[in-house]
Amino acid sequence: MEEVQVQPPVTPSIDSNGKGGEMDVTEASFMDLCEKELSIEENKCTEALTLFKETKQILSANTSSIGSGAVEEAERFWFAFILYSVKRLSERKEGELQGVSGDNGFNLCQILRVLKLNIVDFFKELPQFVVKAGPILRELYGTDWENRLQAKELQANFVHLSLLSKYYKRAYREFFLTNDSNAEKDSCGETTASYMSDYFRFGWLLFLALRVHAFSRFKDLVTCTNGLVAILAILIMHVPHQFRNFSLQDSRRFVKRDGRGIDLLASLCNIYDTSEDELKITMEKANNLIEKILKKKPSLASESQTDKLENIDPDGLVYFEDLLDETSISSSLSMLEKDYDDAIRNKGELDERMFINEEDSLLGSGSLSGGAVNITGVKRKIDLLASPARTVTSPLSPHRSPSTSKTNGVNNNNKTIATPVSTAMTTAKWLRTVICPLPSKPSPELEHFLKSCDRDITNDVTRRAHIILEAIFPNSSLGDRYASGSLQSVNLMDDIWAEQRRAEALKLYYRILEAMCKAEAQLLHASNLTSLLTNERFHRCMLACSAELVLATHKTITMLFPAVLERTGITAFDLSKVIESFIRHEDSLPRELRRHLNSLEERLLESMVWEKGSSMYNSLIVARSSLSSEINHLGLLAEPMPSLDAIAALINFSGGSYPASSVPKHEPCLGQNLDIRSPKRLCGDYRSVLVERNSFTSPVKDRLLTLGNLKSKMLPPPLQSAFASPTRPNPGGGGETCAETGINIFFTKINKLAAVRINGMVERLQLSQQMRESVYCLFQRVLGQRTSLFFNRHIDQIILCCFYGMAKISQMSLTFREIIYNYRKQPQCKPQVFRSVFVDSLQGRRPGVSTVSQRVGPDHVDIITFYNEVFIPTVKPLLVELGPVRTPTKDNRMAEATNKLEGPCPCPGSPKVSAFPNVPDMSPKKVSATHNVYVSPLRTSKMDALISHSSKSYYACVGESTHAFQSPSKDLSAINSRLNNSNNKPKRSLTFEVDAGLVSDSMVATTLLHVRNGTTSSSSCLPLPKTEHPDS
């Protein structure tokens, strides 16, 4: 076989020869920007120029990969990165000096306006700068530079404000007239438009004042939404009648009290799923700001004589006489503007006033994902379906259709189209109505399990819970320990907010723990769960997952994942052990939180478990002893988990009624809790791959065999085995340790995730199914035989290299540029995946290949350099073994390879079984490469009408006998004969022409009704198919 040919890199870079003169011009341009256009003080200019000189070689080597690739645009982006970094990273030193506040400060919005960039593009390109300039920033600003930079937090803040501004605009239009509609009704069109703009702007500015003065530094989405609802209440009470777009007599919108008018706050809470108690507190804060900033005198609404409050129950409301009158609104706006200017000066943050101006060029176009906040519904859905946890079904948990649920016990009445904000409020309502009423201590059932251990561990469990949750949600007095930058000199944590979040996480922890204990006791037929309930790492994982769900519910911007890991002392791999159990044991968990956990697991599997310090390596070094030298060389082993007493000392935990725990103070590196086996997985002989529920299975069979499946499937193993010692013998037999079994199951999850992503790329590239199987087979072999290629890397980097390697060995005209172009369209794509790949700088390089011009740092290169110098030398023997895929040209990529049996088959005549695993079906699933045609499973509501006792006979299910009273062996022979004969028939594919119609569900139902009533089934009697538009 011929040697694998290596394609030269496709991404050009600036020639390093002669760059000195060009960079001198660039430096001069940068200094002009700092001194003349931004008027930055001299010491900041010097600091910025120093950082620019240190990173200009990185800019030179990566110009083509920044923005559109133009040199001038790349320089503008780099200028913005440098100035933002200097602004954020130098604030801590200035903040230590009391009263130092220069008038020539600059912020990110000013930088982007001068450089003619928008915020969306800035955040899309910033991660590349963070990765490649990270070593330099660490050297200049210390090891905590990334936390002080707060890039992720600022991006999440931008995403939240984008969502909140759209939410506010939509709500404002529902209650008040817009400029266009009101201009037609009022003769003073220009004046009226100005008034409407003033009312709208007043509400947003008052909301920003709430964010600055009344909310904690977390500024979570739920709290901010409560603030906007409070602003709406104030506007409803004070905006003149002629600008209203609602009637207080609307019984569908407003809740009335007998003889006392409508209850305004209760009505708004019913519309927007807010808490009435929290809304009243926020209203009080807003009223205090109006009194303090605008110098308005409050009065009780019951004592005010105004027609604006007519038909409104005034009980508990406060009214300001001239708040939005013609004579005072201009001055009120000016005072709010000045207050906001003073609040954000020299803080390097966003000017949040721009969000109510849709034409502001800073906003840009496109979408961003703020940390854990995904703002595109399609991406959330694909993330859910692509997650390995999504494909796991428990035989103990009956299937529940999302369409038939009642929002987990929360009545979802008359809701409009779901938005990210409304979804967050619905999830928060679940937390408020289902979890908050629970007791803040172990229930009697849970106490029974805790006391049934070898000793009573109730006190240990409660003490640990309070220590860990206080470490995650510290009080304001401890906030400075976790703060950075400009936040250090202010109150970083609202004590009330932290106490509420601790209480919610604690109650959720006790609820899930009790459910897990009941399941484990049922499996073990015993109530003594000492091995599990005395495991320190297990409890910390449970507490971290509970806290993460609380944070995900409120959608905070300053405690993004993996903050909970850092504060609890566990690793990402530890957390992955309990994610599946959380989903399985909490039936009422809202769909949004299930999606969050699924996306977290996918994020863990794709990269975080492969990072340095992952506890996965502590099990891998036991299961694969041949990898120990590589693991030790790279220093990948996890450090011992910090003791509970050490965390308690760090946060000054008083203890109170909780005496010191008797759990071990330290944990050995290779002791207990290092097994990576996923919860609910069987060991040894019971090992199995991930099981998915196919959405396109026969509805009849699915319904009839549900109970049979519950009885026939084996019960899952005890959860406590997931946290057993890696060196412990496997209780399931097979002669292997728990580490070996756990690693095998972990690799199965990785393969499953890779299969989903390979399948997506094959569909985009329109490759053959044989090519799909070959790429997947290569990935499997790399994972099993060249595992070290995954260390410190992203699995997508290996997948992309597998595609190109198989294309080269098969002599296909598929370039790396085309692979990356299509990868960019994948929902999980991040540019740094192919722009920055880890390499071991100390390891021997491939001879004869110079990478000086491509190396952007000591440890990271682009993916083509990684492929040429690391991947091919390591994987070439595996490529040789696989051999070429017989699809030589791009024109015949869609041609399927002829099925040939490989070796003796236990069942002659059976068709070949694909080596590629089943992947979750996307719904809706695209069935045409050239037309936007999608199919979805039949809805449950329509299935009930179609699948009745009298119509079941019209359907054939997989597994049914082909003839009455026929033996299974004859059935198999008949099925094999049909499948084999179908291969000899000419292939016919579905075509989706423009004039072809789609058969509607109503037509199918009508046809079945005719058959059921004895009507002729002749095709001449059927109506012509009609074209239907998909549901919006």
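Conventions adopted
- Residues numbered from 1 in each chain as written.
- Predicted model: local features only at pLDDT ≥ 70, side-chain atom pairs only at ≥ 80, totals over all residues.
- Heavy atoms only, no water.
- Helix = DSSP H or I, 4+ residues; strand = E, 2+ residues; numbered from the N terminus.
- Buried < 20%, exposed > 50% of the residue type's maximum accessible area, 1.4 Å probe, protein only.
- Contact = heavy atoms within 4.5 Å.
- Areas by Shrake-Rupley, 256 points an atom, 1.4 Å probe, with all protein chains shown as cover.
- Phe/Tyr/Trp six-rings, centres within 6.5 Å; stacked < 30°, edge-to-face > 60°.
- Lys NZ or Arg CZ within 6 Å of the ring centre and 35° of its normal.
- Salt bridge = Lys/Arg side-chain N within 4 Å of Asp/Glu carboxyl O.
- Core = buried A, V, L, I, M, F, W, Y, C linked by side-chain atoms within 4.5 Å.
- Expected span 1.5 Å × (residues − 1).
- Lys, Arg positive; Asp, Glu negative; His and termini not counted.
- Polar contact = N/O pair within 3.5 Å; in protein donor to acceptor, adjacent residues only side chain to side chain.

## What about the overall build of the protein chain?
Okay, so step 1: A count of helical and extended segments in the protein chain gives 40 helices and 10 strands.
Okay, so step 2: Across the 1032 residues in the protein chain, those meeting the buried criterion constitute 50%.
Okay, so step 3: Contacts in the protein chain between residues at least 24 apart in sequence constitute 78% of all its contacts with a sequence separation of at least 6.
Okay, so step 4: Surface exposure of the protein chain reaches about 48,000 Å², of which carbon and sulfur atoms provide 51%.

## What about the packing of aromatic side chains?
Okay, so step 1: Across all of its chains, the model carries 38 aromatic pairs by this definition.
Okay, so step 2: Directly above the ring of Trp497 sits Arg501, whose terminal nitrogen or CZ lies 5.1 Å from the centroid.

## Looking at the pattern of salt bridges
Side-chain pairing between opposite charges can occur once the charged atoms of the two side chains come close.
Okay, so step 1: Evaluation of the coordinates by the stated rule reveals 31 salt bridges.
Okay, so step 2: Notably, a salt bridge pairs Glu72 with Arg76, separated by 2.7 Å at the nearest N-O pair. With a gap of four residues between them, Glu72 and Arg76 both fall in helix 3 (residues 71-89), about one helical turn apart.
Okay, so step 3: The exposure class of Glu72 is partly exposed, given its relative accessible area of 48%.
Okay, so step 4: Between Arg835 and Glu125 there is a salt bridge, with the nearest N and O atoms lying 3.4 Å from each other. Here Arg835, found in helix 36 (residues 832-835), pairs with Glu125, found in helix 6 (residues 119-132); they are 710 residues apart in sequence, far enough to count as distant.

## A look at the nonpolar core
Across soluble globular proteins, nonpolar side chains have a tendency to be buried as a group.
Okay, so step 1: With 138 residues, the main nonpolar core has Trp610, Phe803, Phe866 and Phe871 as its most contacted residues.
Okay, so step 2: Those residues in contact with Phe871 that sit more than four places away from it in its chain are Leu789, Ile798, Cys801, Cys802, Phe866 and Lys876.
Okay, so step 3: Of all hydrophobic cores here, the second largest spans 124 residues; its members include Leu83, Ala171, Phe215 and Leu362.

## Description of unusual backbone geometry
Okay, so step 1: Cis geometry is adopted by the peptide bond preceding Pro562, which originates at Phe561 and carries an omega value of 15°.
Okay, so step 2: Mapped onto the elements of the fold, Pro562 is located in the loop between helix 23 (536-554) and helix 24 (563-568).
Okay, so step 3: Positive phi is not limited to glycine here, since His525 has a value of about 55°.
Okay, so step 4: Along the chain, His525 turns up in the loop between helix 21 (495-524) and helix 22 (530-533).
Okay, so step 5: A relative accessible area of 73% places His525 in the exposed class.
Okay, so step 6: Of note in this structure, Gln766 is not a glycine but carries a positive phi near 55°.
Okay, so step 7: Here Gln766 is to be found in the loop between helix 32 (738-765) and helix 33 (769-785).

## Examining helix 26 (residues 591-606)
Okay, so step 1: Here helix 26 is 16 residues long and its end C-alpha atoms lie 22 Å apart, about the 22 Å a rise of 1.5 Å per residue gives.
Okay, so step 2: Counting buried positions over the 16 residues of helix 26 gives 13, a clear majority of the element.

## Focus: the side chain of Arg502
Okay, so step 1: Among the secondary structure elements, Arg502 is positioned in helix 21.
Okay, so step 2: Despite being buried, Arg502 has no salt bridge partner; Glu470 is the closest side chain of opposite charge, sitting 5.2 Å away.
Okay, so step 3: A polar atom in the side chain of Arg502 sits 2.5 Å from the backbone oxygen of Phe473.
Okay, so step 4: Once you skip the residues sitting within four places of it in the chain, Arg502 turns out to touch Leu469, Glu470, Phe473, Pro474 and Asn475.

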